[in-house]
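The primary structure of each chain is shown beneath.
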Amino acid sequence: MDGVHSELQDVFRSVFSDDHLEINDQTTAAEVDGWDSIAHINLVIAIEKHFNVRFAANELAAMQKQNVGNLMELLVRKIDSRGGPA
Amino acid sequence: MIRAVLRHLAPRHDRAATLYRRFGRPNGKEWAEILKRQGRIFHLGEGCSILPSTKFIDPDYTWIGNRVCLGNCTLICHDGSIEMLYQRFGLRIDRLGPIIIHDDVYVGEGAMILGGTTIGEGSIIGAGSVLRQEVPAGSVVIGNPGKVVARVEDLIRFWEAESMAFPWAELIARREGAYDAAMEPKLRKLRQEYFFKSDRIKGS
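Model, not experiment: these values are computed from the prediction. (Residues numbered from 1 in each chain as written. Chains lettered and ligands numbered in written order. Predicted model: local features only at pLDDT ≥ 70, side-chain atom pairs only at ≥ 80, totals over all residues. Heavy atoms only, no water.)

1. Focus on the interface of chain B and chain A
Convention followed: What makes two residues a contact is simply this: any of their non-hydrogen atoms within 4.5 Å. Simply put, the buried area is the total loss of 1.4 Å probe accessible area from both parts when two parts are fitted together. By convention in these notes, a salt bridge is any Lys or Arg side-chain nitrogen within 4 Å of a carboxyl oxygen on Asp or Glu. Polar contacts here mean pairs of N or O atoms no more than 3.5 Å apart (in protein, one a potential hydrogen donor and the other a potential acceptor; neighbouring residues in sequence count only if both atoms are side-chain atoms).
Across the boundary between the two partners, chain B contributes 12 residues, which contact 14 residues of chain A. Each partner contributes to the roughly 1100 Å² buried at the junction of chain B and chain A, and carbon and sulfur atoms together form 68% of this total. Three residues stand out in chain B for area buried against chain A, namely Arg 157, Phe 158 and Ala 161 of chain B, and they jointly supply 54% of the buried area on that side. For the interface between chain B and chain A, the tally reads 1 salt bridge. With a shortest N-O distance of 2.7 Å, Arg 157 of chain B and Glu 48 of chain A are connected by a salt bridge. Here chain B is connected to chain A by 3 residue pairs in polar contact (both at pLDDT 80 or more).

2. As for the packing of aromatic side chains
Residue and element names in this part refer to chain B. Where we set the bar: Working definition: a ring pair exists when centres of Phe, Tyr or Trp rings (six-membered ring for Trp) sit within 6.5 Å. Plane angles under 30 degrees give stacked, over 60 give edge-to-face, the rest tilted. Here's how the labels work: a residue is buried when its accessible area is under 20% of the maximum for its type, exposed when over 50%, partly exposed in between, all with a 1.4 Å probe on protein chains only.
The full count for this structure, using the stated rule, is 10 aromatic pairs over all chains. Residues Phe 195 and Phe 196 carry aromatic rings whose centres are separated by 6.3 Å and whose planes lie at 70° to one another, so their mutual orientation is edge-to-face. Owing to a relative accessible area of 36%, Phe 195 belongs among the partly exposed residues under this scheme. Among the aromatic side chains, those forming a connected cluster through ring pairs are Phe 166, Trp 168, Tyr 194, Phe 195 and Phe 196.

3. Details of the pairing of strand 15 (residues 147–151) of chain B
Spelled out, the test is: When DSSP finds two or more bridges between a pair of strands, those strands are recorded as paired. Only DSSP runs of H or I covering at least 4 residues are called helices, and only runs of E covering at least 2 are called strands; the numbering of each starts at the N terminus.
The pairing of strand 14 (residues 139–142) of chain B with strand 15 of chain B spans 4 bridges and is classified as antiparallel. Looking across to strand 15 of chain B, one finds that Ile 142 of chain B is bridged to Lys 147 of chain B.

4. Topic: the pairing of strand 14 of chain B
Residues and elements named next belong to chain B. When strand 11 (residues 124–125) meets strand 14, the two strands line up parallel, connected through 2 bridges. Bridged to Ile 125 within strand 14 is Val 141. The turn linking strand 14 back onto strand 15 is made up of 4 residues, and Gly 143 within it adopts a positive phi angle of 95°.

5. Considering the packing of helix 1 (residues 2–15) of chain A against helix 2 (residues 37–51) of chain A
Any two packed helices are characterised by how steeply their axes cross, that is the angle between the axes, and by the distance between the axes. Residue and element names in this part refer to chain A. Cut-off, in case you're wondering: An axis is simply a line fitted to the C-alpha atoms; with a helix, the fit covers only the stretch in contact. Between two such axes, the angle follows the N-to-C directions and lies from 0 to 180 degrees. Throughout, the term roughly parallel applies to angles under 35 degrees, roughly antiparallel to angles over 145, roughly perpendicular to angles from 65 to 115, and oblique to all others. Throughout, a crossing is termed right-handed when the near helix is turned clockwise from the far one, and left-handed when it is turned anticlockwise from it by less than a right angle. Residue polarity follows a fixed list, in which Ala, Val, Leu, Ile, Met, Phe, Trp, Tyr, Cys and Pro are nonpolar, Asp, Glu, Lys and Arg are charged, and the others, Gly among them, are polar.
With their axes 10 Å apart at the nearest point, helix 1 and helix 2 run at an angle of 135° to one another. What the angle tells us is that helix 1 and helix 2 run oblique. The two elements helix 1 and helix 2 meet at a crossing, and its hand is right-handed. Contacts between helix 1 and helix 2 pair Val 4, Glu 7, Leu 8, Val 11, Phe 12 and Val 15 from the former with Ala 39, Asn 42, Leu 43, Ala 46, Ile 47, His 50 and Phe 51 from the latter. Along the lines of polarity and charge, the residues of the contact of helix 1 with helix 2 split into 10 nonpolar, 2 polar and 1 charged.

6. Regarding the confidence of the model for chain B
Note: predicted coordinates in regions of low pLDDT should not be interpreted at a detailed level. Filter applied, for reference: Predictor confidence is given residue by residue as pLDDT, running from a minimum of 0 to a maximum of 100.
For chain B, the average pLDDT comes to 93, and 99% of its residues sit at 70 or higher. Interface predicted TM-score (ipTM) for the complex: 0.76; the corresponding pTM is 0.86.

7. Observations concerning the sheet that holds strand 9 (residues 112–114) of chain B
Residues and elements named next belong to chain B. Taken in spatial order, the 4 strands line up as 3-6-9-12 in an open sheet, and their pairing is parallel. Strands with a single pairing partner mark the edges of an open sheet, and in this sheet they are strand 3 (55–56) and strand 12 (130–131). Where strand 6 (residues 74–76) and strand 9 come together, 3 bridges link them in parallel fashion. When the bridges of strand 9 are listed, Thr 74 appears paired with Met 112.

8. Looking at the domain arrangement of chain B
Convention followed: What counts as a domain boundary in this text is fixed by an automatic or database domain assignment.
For chain B, the assigned domains are domain 1 (40–151) and domain 2 (166–204). Placing a centre on the C-alpha atoms of domain 1 of chain B and another on those of domain 2 of chain B gives a separation of 33 Å.

In structure tokens form, the structure reads like this:
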């Protein structure tokens, strides 16, 4: 989980062009500068590419109202069901 | 009856076209058909939808492909400042470029497409964008200056997901096209109930 958190943070930093961005489980879109609907799309696509996973439509819809903790739980489940290392 | 006459005459008579646009209230597809039959736009493809309020400042230098949808936007190929530069400095400058919009492009309300712009197939140009550049196929562009912010294929996944989450998703799944007059009253009611629920409005 810690490894996923670290990698996820790197993806956030890359998408939002902020090398010092810190995320935690409670972080929401409202707290990250520039996390609007378009940035959200690019963030999710970047996460999918980085972790080699693909989110389903219902997961994408739910994601909009959730925090980073929810996103990470979902991501870990996806990585586990994929069967490979993160 | 009068509408039909105006529509018939509009391609060949400017006055009829003006009256048809004002009183006939043509939709985008009907107006695109009139523009095509007028033949002033250098190239206008098939199956386009162009709102009557769209401004073509230089139709001679405007090339539009098939199934292009233009909202209330402006397409301008020339730079009017050369008139001032001529008067003030006697400069003889030509500042003009073509506008090329490939198939299946959507341009939103208030966008400004300037000469020298080529919009690649299947792109979406957001409301209020200002473009004077080459846009790769399948791009989502917003802002001034216009910036590619996403791929249409990615945007579609999210919009489909959002649509599925709406309480009226079942109606949308059955709707043909982007608007169904018969379905609209029910959709409007459901949307208003959802959008303006008291817990969604701050302070209420």
